[in-house]
Structures are given as structure tokens and as C-alpha cells.
Amino acid sequence: MSTWDAVDTYINAQLVGEDPILDAALARAAAAGLPAHDVAPNQGKLLHLLARISGARTILELGTLAGYSTIWLARALPEGGRLVTLEAEPAYAEVARANLEDAGLADRVEVRVGAALETLPRLEGPFDLVFLDADKQRNPEYLEWALRLTRPGSLIVADNVVRDGELANAASEDPRVQGIRRFTELLGAASNVTATAVQTVGSKGWDGFALALVEAR
Ligand code: DHB
Ligand code: MG
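The structure presented is a predicted model; accordingly, all values stated were derived computationally and were not measured.

### Describing the pattern of salt bridges
What the rule picks out here adds up to 13 salt bridges. For the salt bridge of Arg28 with Asp102, the shortest nitrogen-to-oxygen distance reads 3.0 Å. In this pair, Arg28 is assigned in helix α2 (residues 20–31) and Asp102 in helix α5 (residues 90–102), connecting sequence segments 74 residues apart. On the accessibility criterion, Arg28 (30% relative accessible area) is partly exposed.

Dropping the structure here:
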């Protein structure tokens, strides 16, 4: 076990704890053959805390996968809150729906199936928190939609913005890397966001999150 894994194991034991519902969600995802691209437990709890700290009542997620981060985020909602999560792959959405049902969250979460660029125009904002975790090559377009669907004070969070350091590789021929680079440059150029990004290491490797607070336009 690498040191990164050992530290995540320690943090999860001390600060996250056992969670049979989340374990079952990951087990269902694995049984259905979904890629293990869920956030780590301590990262899921970070998303949960960000939603709580920002007082989010409406949350939009792009890239549901098995609904693992969805569960963390939806658990942060106050009474009457709602979460919409977009998933392009119908089979993934089915797994997520079952996981959300078992987590007791189906009443406040809506899983919408389809390419996000097709489902986004039908959404009504504003959302208090947007979590971008879908196909990274489209992050620049997703950022535009996130800005359209938020309000001053909303928080935009993006997963996988470092990708083993490839973020700094201008010559990368990977469209996902170019997507996160363009996304980062757009964030930096936007006059109405205050943003940063941080690198992370752990059980999910070397990656990072971007955070952006939407300011008055
Ligand atoms: C991939 C996607 C993710 O959202 C993630 O957290 C890790 C990996 C991927 O597509 O490779
Ligand atoms: Mg991700």
C-alpha cells in the first residue's frame, strides 16, 4: 500500500467512519462494471462540507456515475432542498437511481439522463452549488453553463483538474487535459468569479479540485 493510500485509510478511519450505505453504493457500482472513478470517501466528505458551509439548498452535479458523490452532496441538503444530477450513460443512471433509493435520497434527487449539453438548457436555476465531474474535455462549455445557472454567492467545484500533473503540460494531446486547461484559463479570465485550484494525492492518485465563488456580475 502506498503512503498516499495509508494516509487516506487513516483519515477515513478517524474522520469519515463506516458507512454501509456508501459501501453498498460502491459495491453495486462494481458489480455493474462501472469504472471506479468515484471520489474518495474523504473527498466526498469535503464536498458534503462545502455544501453545508455554503448553505446550499439547490445543487447541480454533472457526471453522476454511480451516485457516490451525489449521496454525499444530497445528504448536505436542508429540508426542502433538491439536487439535480446529469448522467450521459443510461446504465450508470440506473445504478445511481438504485443507490439513491437505498440511501433514502430519491425524494430530493433527480437523475437526468442524456448528454449534459442537451439536458443543461432545460434546467432552471439558480443552483447554489455546481459540481463538475463529467467528461473533462467539455469543462469549458460546462463552466459557461454553470455560470448561467448560478447566482452571486454560488459555489462551483470541479473534480480532476490536475490529472497526474498533466494540467501543466501545454503540449498534451489528451482532449481532457486541454479541456481542464481551457477551463482553468476561463476561470482565471472570468471577471465574476474568485477561484483557486488545489492538488490532491490519495487513494485516487494525484489530482485536484478547482473552487470558484460566483461574484456579482
Ligand atoms: C476519470 C474521471 C473522473 O471523474 C475521476 O474522478 C477519475 C477518472 C476518468 O474518466 O478517467
Ligand atoms: Mg471525478
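Anyway, onward from the coordinates.
### A word on the environment of Val95
Tracing the chain through its elements places Val95 in helix α5. A sequence separation of 30 residues divides Val95 from Leu65, and the C-alpha atoms of the two residues are 8.0 Å apart. Contacts of Val95, omitting those with residues within four sequence positions, involve Arg28, Ala29, Ala32, Leu34 and Ala66.

### Some remarks on α5
Counted at 1.5 Å a residue, the expected span for α5 with its 13 residues is 18 Å, and the 19 Å between its end C-alpha atoms agrees. Three or more residues of α5 are buried, namely Ala93, Val95, Ala96, Asn99 and Leu100. The arc that holds the buried residues of α5, viewed along the axis, is 160°, so those residues lie on one side. The outward face of α5, more than 90 degrees from its buried face, is lined by the exposed residues Glu101 and Asp102.

Basis of the calculations
- Residues numbered from 1 in each chain as written.
- Chains lettered and ligands numbered in written order.
- Predicted model: local features only at pLDDT ≥ 70, side-chain atom pairs only at ≥ 80, totals over all residues.
- Heavy atoms only, no water.
- Salt bridge = Lys/Arg side-chain N within 4 Å of Asp/Glu carboxyl O.
- Helix = DSSP H or I, 4+ residues; strand = E, 2+ residues; numbered from the N terminus.
- Buried < 20%, exposed > 50% of the residue type's maximum accessible area, 1.4 Å probe, protein only.
- Contact = heavy atoms within 4.5 Å.
- Expected span 1.5 Å × (residues − 1).
- Arc of directions from axis to C-beta.

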